[in-house]
Number of protein chains: 2
Amino acid sequence: MKYDTRLCWLPFLGDTVKAGFTTCREMAEAELAIGLRNLGYEPPVCVLETPGEDEGYEIQETPGGLTIRGGTRGVLYGAYSLMMRLAAGQSPLTAWTAPCRSLRMLNHWDNMSGAVERGYAGRSLFFDNGKFAYDSRRLLRYGRILASVGINTVCINNVNVETPADQLITDELLPEVRKVADLLRPFGIRLLIAIDFALPMTCGLTTADPLDGSVRGWWEKQVARVYAAIPDLCGFLVKADSEFRPGPGLYCRNHAEGARPIARALAAFGGTLVWRCFVYNCQQDWRDRQTDRPKAAYETYAPLEGLFDENVILQVKYGPYDFQVREPISPLLYAMPATKKALEVQLTQEYTGHQIDLYYMLPQWQEILSDLKGAEPRYISAVSNLGNDANWTGHDLAQANLFAYGLFAWYAVVDTAAVTRWWIALTFGEDPRVEDVLLDMLLASRELYESYTAPLGLGWMVNPNGHYGPSPEGYEYSAWGTYLRADRQGIGVDRSPSGTGFVLQYPPDKAALYGDVKTCPEELILFFHRLSYTHTLPSGKTLAQHVYDTHFEGARRAEAMAERWNALEGRVPAEAFDNVRARFILQARNAREWRDVVNAYFYRYSGVADEKGRVLY
Amino acid sequence: MKYDTRLCWLPFLGDTVKAGFTTCREMAEAELAIGLRNLGYEPPVCVLETPGEDEGYEIQETPGGLTIRGGTRGVLYGAYSLMMRLAAGQSPLTAWTAPCRSLRMLNHWDNMSGAVERGYAGRSLFFDNGKFAYDSRRLLRYGRILASVGINTVCINNVNVETPADQLITDELLPEVRKVADLLRPFGIRLLIAIDFALPMTCGLTTADPLDGSVRGWWEKQVARVYAAIPDLCGFLVKADSEFRPGPGLYCRNHAEGARPIARALAAFGGTLVWRCFVYNCQQDWRDRQTDRPKAAYETYAPLEGLFDENVILQVKYGPYDFQVREPISPLLYAMPATKKALEVQLTQEYTGHQIDLYYMLPQWQEILSDLKGAEPRYISAVSNLGNDANWTGHDLAQANLFAYGLFAWYAVVDTAAVTRWWIALTFGEDPRVEDVLLDMLLASRELYESYTAPLGLGWMVNPNGHYGPSPEGYEYSAWGTYLRADRQGIGVDRSPSGTGFVLQYPPDKAALYGDVKTCPEELILFFHRLSYTHTLPSGKTLAQHVYDTHFEGARRAEAMAERWNALEGRVPAEAFDNVRARFILQARNAREWRDVVNAYFYRYSGVADEKGRVLY
């Protein structure tokens, strides 16, 4: 196994990708030629395009071999699926499958400087030093990896479009974007471009007011220019009125009004406008107990139901805060049934361990979906966890999140264990011992990380800015709207109808469930309620004791995980073994730190001793 | 008044400094020619050098005029003194005066990148973008300003010598250092160079062990090379075994051993080694209650009494922590009577308001000196507050700190009000209203800043990293050794003999005074003792009530100060008025923030309500 493809789940395809194709079908045939040979599969495999279809495919037995029948892109998805099934010792036969979601996006938060905002896997795959700078062979492998799990749209630049250099649609950069689009097209991947709402003003207009005629005209002109260069561009992605990014609020326009001129300009070319809904007051006065940040997105968007154009997709983070370890589903996802929505998840482990601590996300996504029953967004987006590290994701095991994301995005409901086992088998081969250990670790990882960091739905106890490691009051007096309000009496924010009323944004059954401390799920109880340290939880423990127990147990389990990994030495490639071992050691140390800090925090405020007499600082 | 010299206390000298001199006498005559003319003083002023003298001078009446009689540098100090006295309407006559301290240093924390570590007045006066880069006319004015208050030694590079580019004694950079030395020589200013203890290893040796013969030889060679270029160099400045800087500890050598090879190499050329004593464990485990950071410097150095070479000066911060608003005197300053020591103060307002909040330091220095009676260090050093801002110090009024520092360094004991009035008169002219207001503000400023930030000797409630604004638990679980240990019962660290024993490092009378909660000065009581929130202070108030009262009062006074300044509009130059007004508004806001956060912090832990019923959050 070469270093460059280390642990990517497609080792049978090797390092080389053939370039120079324009269609997925050509790519499918080229990839099959490499992969089937390396897999030692000799019967003929025929690739047939089904007219009028795009992404669906089926794999059937045909005399003496197999036939992949699929749409324009479906044939490529079918080809990868076939090889990945063979590689894992599964039957390749597949009944017709088409994706549940037509847009399956990956958002890179890459700056032209080469830095990746919240990136934990090295620097950008696309940019360096203010310029496009990439290894095109690596970019072809990137396309292959994404296509193998059906990701069909990528935004290569950061949603925070801050510097002029990050404005990809300038005359200077657009030809460079086009080259990337050309490289990725045979993988069925289309580009989104993140743009700055105020771009008209950078380019000489005196306003970016969406109701201003000159602004409308300006966007029409720009979009025409962009589509002349990249006719199959997916569209634009906008973060507006969010964390210091400009937006329609500057002109007292609502977000539907703000989106309209850009959306209309895009509509003329079949383009889509993805509009992020991560809007809240990031300059809140911490003294203000009326404002409650989780309420912000719903308050901003729900009244705009029916007002967005057809080609606008609202991209909504899964929780009402910001990618915390444990949050309830964003109430906005239950609202606005007539508006197109994309669920936004975050593969890059900003609040979930920085690709040092293990945090496998598929169980969480399944949970979200099961909560949303009947209100599932039809589109999906994930913040990328990729960088130019040799292993793509910093932590070798973090590759599993990208793999699982692709399958989850396609199928919506998957068998978590089966998907995870598939990734393990493709990546590490079919050693049952390795499979058992890894399956356990991955499936337990989220709950483990939660156990030592975020008790009972409490978030934000992280070090400010970096977001790794504990600092329980690090955000307590900040302007970010993220407060725990701990004092001698208790901790948490009352979001019930008698508190901030946040629960009232949910459908009535959910509102009743969450709003009552007696029915609220334990893992969310401090998200929705303010409780005393001696409150008795459903488990029968007091709140303080629950915190102590989970944190001691979490640190113990993190240590045990590190030890368990050691037993796999020799069973997994040495580089992967070392990569993961080094991280597990750091994770165990991190878990001890979280244990002692969070326990001290609860102990110092509550004065409640540990029933089991363990040390609290 | 031109912008470039705005508010420097020497406006009568204008923007131009004559260049091309080599001696202070030449400079003195040139400066007198400019200054006396601008001051309209016509009688002849004669400059006479007193053989064998260096810094002392006197100003006497001679037939028809004045005579400055002084040492090599004394004549220049006399010239400035004469003009500054005239400019302030004072008699210029001065009996023989010689400085109490022979080294009166300014340490710049400037990096070759141009960034100034903890700088709040723009970027470096010396460096930019990895290179020497300065306006030599501005550097001449810098020399003038320093010489006018008798500062005779400057270290232009950061004590944290981190990158190869910051190593000023390389073949490439040494000629550039020499140019700066040449520019500053006629102002009586000699250079110190901050060097990296491990520099031998950067330059090819395999060790920096001070007991290794090759290391000794290497330093001898380097020092010879440096003195060939700059024969009157003051010497080197070293920060070793401190905050990740390498030092003798790496080789299990003590600091006397560490200093020796460098000191001996310097001694051959009459050079001095200034050795910083800011040594502590910056990777402390916060759980560890045995280790007490304030004890570190004394523990490291006191046992080494008598072991340092004659030409070594230990540079000791005034307090045992790190430039906090309120600390007791460092016990190391009472110890080691046979060892040369320099008192280190910090003009740049790292913990004292970032040159946004007003913080005039002379009262604090006088307090230190009066505490040290009989143990005053013979040398003094200050971290610079200068940068390339047009007004040199960011906050116009922060210039007063540099002025006062020079005079304090020379005279040791000064009349605080007289020195301050002198600065006001030179800077703003002789409007009695301006003088009254500014004198009040400056003299009250430290106590005001203390009142809303650092109650009862408690420090470190600042935002981590930046050190501006409140974050009471920002350092609570960090590795920096700075803990408040607040819980429901009380707050503070017991440093009495029954606690960490830190007080035992003091002479017996001080140890007894500080060690007993009944005699400990109120303003230091939480530095030395752990107290409950309901502890009755000497003032008769409970601890919690004291905190509330001082913080409400501090915020009120900060606001009142801003209003009082407004009444000076038209009486001070418009640029200065605006500069200070803008900062006072920010200070008032900062004080409100501190008030509410610190009060909330004490209230949430203590549960003690405010007697006066004011809002606690």
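The structure presented is a predicted model; accordingly, all values stated were derived computationally and were not measured.

Before going further, it helps to examine unusual backbone geometry. All names here are of chain B. Despite not being glycine, Gln 355 has its phi angle at roughly 55°, a positive value. Checked against the element boundaries, Gln 355 lands in the loop between β13 (341-346) and α9 (362-371). Here His 467, not a glycine, exhibits a phi torsion of approximately 70°, which is positive. For His 467, the position within the fold is in the loop between α12 (432-453) and β15 (490-491).

Moving on: the pattern of salt bridges. Any two side chains of opposite charge can pair if their charged atoms end up close together. Under the definition given, this model contains 88 salt bridges over all chains. Here the residues in one salt-bridge network are Asp 285 and Arg 287 of chain A together with Glu 593, Arg 595 and Asp 596 of chain B, joined through shared partners.

Moving on, we come to the relation of the copies chain B and chain A. By a simple turn and slide, chain B fits onto chain A: the slide is 0.1 Å along the axis, the RMSD is 0.0 Å, and the turn is 180°. In short, the pair behaves as if placed about a two-fold rotation axis. The share of interface residues of chain B whose copies in chain A are also at the interface is 100%, consistent with both copies meeting through the same surface.

It is worth spelling out the nonpolar core at this point. Residues Leu 106, Tyr 142 and Phe 236 of chain A together with Leu 106, Tyr 142 and Phe 236 of chain B are the most contacted members of the largest nonpolar core, which totals 424 residues. Apart from the residues lying within four places of it in its own chain, the contact partners of Leu 106 of chain B are Tyr 142, Leu 146, Ile 151, Thr 153, Val 154, Cys 155, Leu 347, Ala 382, Ser 384, Leu 386, Leu 402 and Tyr 405 of chain B.

With that out of the way, let us pick up the interface of chain B and chain A. Counting from both sides, the interface comprises 22 residues of chain B and, opposite them, 22 residues of chain A. Note on chain B versus chain A: buried area summed over both sides is about 2,300 Å², and carbon and sulfur give 49% of it. When the buried area of chain B at its contact with chain A is split by residue, Tyr 477, Arg 488 and Arg 604 of chain B rank highest and sum to 37% of it. Counting across the chain B and chain A interface gives 6 salt bridges. We note a salt bridge from Arg 287 of chain B to Glu 593 of chain A, for which the minimum N-O separation is 2.8 Å. Taken together, the links from chain B to chain A amount to 15 residue pairs in polar contact (both at pLDDT 80 or more). Split into classes, the residues belonging to the side of chain B that touches chain A amount to 9 nonpolar, 2 polar and 11 charged.

Residues and elements named next belong to chain B. Inspection of helix α13 (residues 508-515) places Lys 510, Ala 511, Tyr 514 and Gly 515 among the buried residues, and these make up the whole buried set. With its buried residues spanning 115° around the axis, α13 presents them on a single face. With respect to the buried face of α13, the exposed residues turned more than 90 degrees away are Pro 508 and Asp 509. The secondary structure elements touched by the buried residues of α13 are α9 and α14 (525-528).

Residue and element names in this part refer to chain A. Ordered by their spatial adjacency, 8 strands build a closed barrel running β5-β8-β9-β10-β11-β12-β13-β14, and the pairing between neighbours is parallel. Taking each pair of neighbouring strands and ignoring which way they run, the sheet shows an average axis angle of 25°. Of the strand pairs in this sheet, strand β9 (residues 190-195) and strand β10 (residues 235-238) are connected by 4 bridges, and their pairing is parallel. For Ile 195, the partnering residue across the bridge sits in β10 and is Val 238. Helix-sheet contacts for helix α4 (residues 174-184) involve β8 (153-155) and β9, and the interaxial angle to β9 is about 150°.

Further remarks concern the packing of aromatic side chains. Evaluation of the coordinates by the stated rule reveals 81 aromatic pairs over all chains. When the ring of Tyr 227 of chain B is compared with that of Phe 269 of chain B, the centres are 5.2 Å apart and the planes differ by 15°; the resulting orientation is stacked. Of this pair, Tyr 227 of chain B sits in helix α6 (residues 213-229) while Phe 269 of chain B sits in the loop between α7 (255-267) and β11 (272-276), placing them 42 residues apart in sequence. An aromatic cluster of three or more residues is present, and its members are Tyr 321, Tyr 334, Tyr 351, Trp 460, Tyr 475, Phe 502, Tyr 506, Tyr 514, Phe 527 and Phe 528 of chain A. If you follow Arg 287 of chain A out to its NZ or CZ, it ends over the ring of Tyr 617 of chain B, 5.9 Å from the centre. The ring of Phe 278 of chain A has Lys 317 of chain A sitting right over it, with the charged end atom 3.3 Å from the ring centre.

Residue and element names in this part refer to chain A. Among the 6 residues of β9, 5 are classified as buried, and the element is accordingly described as predominantly covered. Across 3 bridges, β8 lies against β9 in parallel orientation. By the bridge assignment for β9, Cys 155 is matched with Leu 192. Following the chain from β8 across α4 to the adjacent parallel β9, one finds a crossover that is right-handed.

Averaged over every residue, the pLDDT of chain A is 96; residues scoring 70 or more account for 99%. Both scores are given for the predicted complex: the pTM is 0.94, the ipTM 0.91.

A few words on the side chain of Arg 276 of chain B. Mapped onto the elements, Arg 276 of chain B comes out in strand β11. Here the side chain of Arg 276 of chain B touches Glu 344 of chain B through a polar contact of 2.7 Å, side chain to side chain.

What follows covers the packing of helix α12 (residues 432-453) of chain A against helix α15 (residues 543-566) of chain A. Residues and elements named next belong to chain A. Contact geometry of α12 with α15 gives a least axis separation of 9 Å together with a crossing angle of 150°. Relative to α15, α12 is oriented roughly antiparallel. Like other packed secondary-structure pairs, α12 and α15 cross with a definite hand, here left-handed. Residues Asp 436, Val 437, Leu 438, Asp 440, Met 441, Ala 444, Glu 447, Leu 448, Ser 451, Tyr 452 and Thr 453 of α12 lie in contact with α15, whose contacting residues are Thr 550, His 551, Gly 554, Arg 557, Ala 558, Met 561, Arg 564 and Trp 565.

We now examine the sheet that holds strand β2 (residues 57-62) of chain B. Residue and element names in this part refer to chain B. What the 4 strands build is an open sheet, ordered β1-β3-β2-β4; its pairing is mixed. Looking at the sheet topology across the chains shown, the edges are occupied by β1 (45-49) and β4 (94-97). In this sheet, adjacent strand axes meet at a mean angle of 25° when their direction is disregarded. Examined bridge by bridge, β2 and strand β3 (residues 65-70) share 6 bridges and lie antiparallel to one another. Bridged to Glu 58 within β3 is Arg 69.

Three- or four-residue spacings in an α-helix give side chains the same orientation, since the helix completes a turn every 3.6 residues. All names here are of chain A. With 13 residues, helix α10 (residues 399-411) should reach 18 Å at 1.5 Å per residue; the first-to-last C-alpha distance of 19 Å fits that figure. Most of α10 sits inside the fold, with 12 of its 13 residues counted as buried. Buried residues of α10: Gln 399, Ala 400, Asn 401, Leu 402, Phe 403, Ala 404, Tyr 405, Gly 406, Leu 407, Phe 408, Ala 409 and Trp 410, and no others. Two residues or fewer past α10, Ala 412 is found with a positive phi of approximately 70°.

Axis angle and axis distance: for two packed helices, these are the angle between their axes and the distance between the axes, and together they describe the pair. Residues and elements named next belong to chain B. At a minimum axis distance of 9 Å, the contact between helix α15 (residues 543-566) and helix α16 (residues 574-606) shows a crossing angle of 165°. When the axis of α15 is compared with that of α16, the two are roughly antiparallel. Considering the relative orientation of α15 and α16, their crossing is left-handed. Looking at the contact of α15 with α16, its residues break down into 19 nonpolar, 6 polar and 4 charged.

What follows is about the side chain of Lys 510 of chain B. Relative to the assigned elements, Lys 510 of chain B resides in helix α13. Residue contacts for Lys 510 of chain B: discarding those within four places in its chain leaves Tyr 334, Asp 371 and Gly 515 of chain B.

Basis of the calculations
Residues numbered from 1 in each chain as written. Chains lettered and ligands numbered in written order. Predicted model: local features only at pLDDT ≥ 70, side-chain atom pairs only at ≥ 80, totals over all residues. Heavy atoms only, no water. Helix = DSSP H or I, 4+ residues; strand = E, 2+ residues; numbered from the N terminus. Salt bridge = Lys/Arg side-chain N within 4 Å of Asp/Glu carboxyl O. Least-squares fit on C-alpha atoms with pLDDT ≥ 70 in both. Contact = heavy atoms within 4.5 Å. Core = buried A, V, L, I, M, F, W, Y, C linked by side-chain atoms within 4.5 Å. Buried < 20%, exposed > 50% of the residue type's maximum accessible area, 1.4 Å probe, protein only. Buried area = accessible area lost by both parts, 1.4 Å probe. Polar contact = N/O pair within 3.5 Å; in protein donor to acceptor, adjacent residues only side chain to side chain. Nonpolar A, V, L, I, M, F, W, Y, C, P; charged D, E, K, R; others polar. Arc of directions from axis to C-beta. Pairing = 2+ DSSP bridges. Axes fitted to C-alpha atoms, helices over the stretch in contact; angles between N-to-C directions. Phe/Tyr/Trp six-rings, centres within 6.5 Å; stacked < 30°, edge-to-face > 60°. Lys NZ or Arg CZ within 6 Å of the ring centre and 35° of its normal. Right-handed = clockwise from strand over helix to strand, strands pointing away. pLDDT = per-residue confidence, 0-100. Parallel < 35°, antiparallel > 145°, perpendicular 65-115°, else oblique. Left-handed = near helix turned anticlockwise from the far one by under 90°. Expected span 1.5 Å × (residues − 1).

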